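# Examination of the molecular architecture
The primary structure of each chain is shown beneath.
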Amino acid sequence: MVFEEKMITNGEPEDEEEEEEEEEDEEDMVDPLETLRQKCAETEHCVHTQQRLEQCETRVGSRSATVEECTEELFDFLHARDHCVSHKLFHAVK
């Protein structure tokens, strides 16, 4: 029955101060991937592909019955953004 006791108390923090310190540390950390994705999404090529995606979503959303999807436009935008990020990401990671 020792195993059952460990399972019950396993999820509970022993010290509340340790939990607060961990939360503060997590708040301070910023993911460089997310930062670069935001910057790259603002570049000319990414803005263009994002506009095409938004136009497609507007067009598809305005129709009640359509088989059109915006998959190609979404992949174009994600590819352009990730291509930009791939050139910059590993320079930012230590």
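Refer to the preceding data block for the structure.
Residues numbered from 1 in each chain as written. Predicted model: local features only at pLDDT ≥ 70, side-chain atom pairs only at ≥ 80, totals over all residues. Heavy atoms only, no water.

## Structural notes on the state of the cysteines
Summed over the entire model, instances satisfying the criterion amount to two disulfides. Once the disulfide-bonded cysteines of the chain are ranked by sequence position, their pairing pattern turns out to be 1-4, 2-3. Unpaired in terms of disulfides, cysteine 46 finds its nearest cysteine sulfur in cysteine 84, a separation of 5.7 Å. (Disulfide = S-S within 2.5 Å.)

## Here's the deal with the side chain of glutamate 73
Within the secondary structure, glutamate 73 is located in helix H5 (residues 71-92). No salt bridge is formed by the buried glutamate 73; its nearest oppositely charged neighbour, arginine 59, is found at 4.3 Å. Residues in contact with glutamate 73, not counting those within four places in the same chain, are Arg52, Leu53, Cys56 and Arg59. (Helix = DSSP H or I, 4+ residues; strand = E, 2+ residues; numbered from the N terminus. Buried < 20%, exposed > 50% of the residue type's maximum accessible area, 1.4 Å probe, protein only. Lys, Arg positive; Asp, Glu negative; His and termini not counted. Salt bridge = Lys/Arg side-chain N within 4 Å of Asp/Glu carboxyl O. Contact = heavy atoms within 4.5 Å.)

## Side note on the nonpolar core
Counting five residues, the largest nonpolar core consists of Leu36, Cys40, Cys84, Val85 and Leu89. Looking at this core, the elements with two or more residues in it are helix H3 (32-41) and H5. Of all the elements, H5 adds the most residues to this core, at three residues. Residues contacting cysteine 40, with those up to four places away along its chain left out, are Cys46, Arg81, Cys84, Val85 and Lys88. (Core = buried A, V, L, I, M, F, W, Y, C linked by side-chain atoms within 4.5 Å.)

## Focus: the pattern of salt bridges
Pairing between side chains of opposite charge can happen when the charged atoms of each approach one another. If you walk through the whole model with that rule in mind, you get six salt bridges. With a shortest N-O distance of 2.7 Å, glutamate 68 and arginine 59 are connected by a salt bridge. According to the relative accessible area criterion, glutamate 68 is partly exposed, its value standing at 26%. For the salt bridge of glutamate 68 with arginine 63, the shortest nitrogen-to-oxygen distance reads 3.3 Å. By sharing partners, the salt bridges in this structure join Glu34, Arg37, Arg81 and Asp82 into a single network.

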